[in-house]
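# Analysis of the macromolecular model
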Amino acid sequence: MEEQDQKDPNGYDRAAVVSSLRREWCRRRLDRFARGAPAELEAAGKLLEEISDAAAGLEGCGRDLIYYECVCGGSKLVPRSCGYASLCPQCARREAARVSAVYHSRLLERQGSLPAWFKPRSLTLTLRPNEGETLRAVVLRCRSAAKTTLRLVYGIPSSGAEWSLMRQLHARQIEKLVELTAEETPGGRARSLRARRREAIAKWRSMLVAERTRRRAGWVVAVELGERGMKAHAHAVALAPYVDQKILARAWELVSGSYVVWITNARNAKEALKYPVKFTGRSASELVSVFLAFHGIRRLEAFGCLRTPSASERAGAFDPPPVECPECHESGMVATGWVPLVAYESGIRAPPMGCSFVHAACPSS
Ligand SMILES: [Zn+2]
Ligand SMILES: [Zn+2]
């Protein structure tokens, strides 16, 4: 079996990332006993497990083997991938390609049933970190602010607080309505400004709610950490009507306090949906801190019309190809265990009976 190259031409060093994860594990394990609250200990324990799983998975990615069995008695060994997209360039590339294909199929399908002014747009919202804010806190803040901002600009606020932000966002439009109500209603000028404003807001709100295309837009949002200084930013691809950059900037500022935004028509929606994970120029310990900042957080989320699976997706077009049996050529093979590279190298070709894996730590091997 061919050993996978540990060092990437782009400077990625798998072994260094694995040992950085293991160092982090040791540090946290020691730290765990120094801390008090049981709930905190439990959370720390779970994270420790995740770190150790990641180290083992990353180390064996493409090298350890999954053992497949067929009803006919045939078996097959297939290289296992770790699936840690924030730690492993191979898995990141694979995941990005899959995600892009899945969402592109949704986008194309939905676009066909929407008016022509619903186009794929690419948006970037950049967050300025607060003094002393941890990477994880920045990621969480960026994610929630981006979600709110997109709801605001596409006119579907979901709470009282968001409606209030919406009013601030549309303050100028509301002011115009206040003037208009004054002119339209007899004796309008004589009424208090407060009453007129209340009326204008009610009118603005019902106009917004009555908008035919409201709730038909959809978007996919992902938070990323930039190449330089690991600045958090949210990247989104929306299938939505036109929104002025100024409105977007104002909404982002209202929600997050930052104001750097970018919106453009996504000419190549498929490419725009390939959310990149950065590996180049990042040290092993930086990759580990990115992994820790994102652990347990869904990196990518879909909303509105892009939330439901497309027909081809439901038909399994993006599922991994089934494993074909080398004996009977049927594709109903089932994974029943795994064989780590070390075991394979010592001649083991199948996990022992009654044990799903061969490992030094496994009592039955
Ligand atoms: Zn991997
Ligand atoms: Zn078979």
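Below, the structure is looked at part by part. Owing to the predicted nature of the structure, the values given are computational and were not obtained by experimental measurement.

The rules behind each value
- Residues numbered from 1 in each chain as written.
- Chains lettered and ligands numbered in written order.
- Predicted model: local features only at pLDDT ≥ 70, side-chain atom pairs only at ≥ 80, totals over all residues.
- Helix = DSSP H or I, 4+ residues; strand = E, 2+ residues; numbered from the N terminus.
- Rg over C-alpha atoms; globule rule 2.2 N^0.38 Å.
- Buried ≥ 20, exposed ≤ 12 C-beta atoms within 10 Å, placed from the backbone.
- Contact = placed C-beta atoms within 7 Å.
- Pairing = 2+ DSSP bridges.
- Axes fitted to C-alpha atoms, helices over the stretch in contact; angles between N-to-C directions.
- Core = buried A, V, L, I, M, F, W, Y, C linked by C-beta atoms within 7 Å.
- Domains from an automatic or database assignment.
- Parallel < 35°, antiparallel > 145°, perpendicular 65-115°, else oblique.
- Left-handed = near helix turned anticlockwise from the far one by under 90°.
- Nonpolar A, V, L, I, M, F, W, Y, C, P; charged D, E, K, R; others polar.
- Expected span 1.5 Å × (residues − 1).

## Considering the overall build of the protein
Along its length, the protein carries 12 helices and eight strands. Taking 2.2 N^0.38 as the reference for a compact globule, 365 residues should give roughly 21 Å; the C-alpha atoms of the protein span a radius of gyration of 26 Å, well beyond that estimate. Expressed as lengths along the three principal axes of its C-alpha atoms, the size of the protein is roughly 95 × 55 × 40 Å. A burial count over the protein gives 30% of its 365 residues as buried. Contacts in the protein between residues at least 24 apart in sequence constitute 68% of all its contacts with a sequence separation of at least 6.

## Topic: the sheet that holds strand E2 (residues 75-79)
Within a sheet, neighbouring strands are paired by backbone hydrogen bonds and run either parallel or antiparallel to one another. An order of E2-E1-E8 is seen for the three strands of this open sheet, with the pairing classed as antiparallel. The open sheet is flanked by E2 and strand E8 (334-339), the only strands paired with a single partner. Mean inter-strand twist for the sheet, computed between neighbouring axes without regard to direction, equals 30°. Where strand E1 (residues 65-69) lies against E2, five bridges are found, and the strand directions are antiparallel. Bridge pairing in E2 places Ile 66 opposite Val 78.

## Focus: the sheet that holds strand E3 (residues 119-126)
Taken in spatial order, the five strands make up an open sheet running E6-E3-E5-E4-E7, and their pairing is antiparallel. Each edge of the open sheet is held by one strand with a lone partner, namely strand E6 (260-265) and strand E7 (300-304). Neighbouring strand axes in the sheet, compared pairwise and without regard to direction, differ in orientation by 15° on average. In the sheet, E3 pairs with E6 via six bridges, with the strands oriented antiparallel. Considered in E6, the bridge of Thr 126 is made with Val 260.

## Notes on the environment of Val 153
Here Val 153 lies in helix H4 (residues 135-153). We classify Val 153 as buried; it has 25 C-beta atoms within 10 Å. Those residues in contact with Val 153, other than ones at most four positions away along the chain, are Val 243, Ile 247, Leu 248 and Ala 251.

## Observations regarding the nonpolar core
Side chains of nonpolar character tend, in soluble globular proteins, to be buried together. Counting 70 residues, the largest nonpolar core has Leu 58, Cys 142, Trp 219, Val 220, Ala 236 and Ala 238 as its most contacted members. When residues of this core are assigned to their parent elements, the largest contribution, eight residues, is made by H4. Counting residues domain by domain, this core receives three or more from each of domain 1 (1-60) and domain 2 (115-150 + 216-304). Leu 65, Cys 325, Val 339 and Ala 343 belong to the second largest nonpolar core, which has eight residues in total.

## Notes on the packing of H4 against helix H5 (residues 160-169)
Across the interface, H4 lies against H5 with an axial gap of 10 Å and an inter-helix angle of 60°. The orientation of H4 relative to H5 falls into the category oblique. Here H4 and H5 pass one another in a crossing that is right-handed. Each of Thr 148, Arg 151 and Leu 152 in H4 lies in contact with H5, whose residues at this interface are Glu 162, Leu 165, Met 166 and Leu 169. Within the contact of H4 with H5, the residues separate by chemical class into four nonpolar, one polar and two charged.

## With respect to H4
Along its 19 residues, H4 runs 27 Å from first to last C-alpha, staying within 8% of the 27 Å computed at 1.5 Å per residue. Every buried residue belonging to H4 is among Val 138, Val 139, Cys 142, Arg 143, Ala 145, Ala 146, Thr 148, Thr 149, Leu 150, Arg 151, Leu 152 and Val 153, and all of these are buried. Tucked inside the fold, the buried residues of H4 contact E3, H5, strand E4 (218-225), strand E5 (232-240), helix H8 (245-256) and helix H10 (284-294). Looking one or two residues beyond H4, the residue adopting positive phi is Gly 155, at roughly 70°.

## What about the environment of Leu 125?
Of note, Leu 125 is situated in strand E3. Once the C-alpha coordinates of Leu 125 and Ala 145 are considered, the two residues, 20 residues apart in sequence, prove to be 9.3 Å apart. Setting aside chain neighbours within four positions, we find Leu 125 in contact with Ala 146, Thr 149, His 233, Ala 234, Trp 252 and Val 261.

## Considering the packing of helix H6 (residues 171-184) against helix H7 (residues 193-210)
At a minimum axis distance of 8 Å, the contact between H6 and H7 shows a crossing angle of 115°. Crossing angle aside, the handedness with which H6 passes H7 is right-handed. Contact residues: Gln 173, Ile 174, Leu 177, Val 178, Thr 181 and Ala 182 in H6; Arg 196, Arg 197, Glu 199, Ala 200, Ile 201, Lys 203 and Trp 204 in H7. A per-class count over the contact of H6 with H7 returns seven nonpolar, two polar and four charged.

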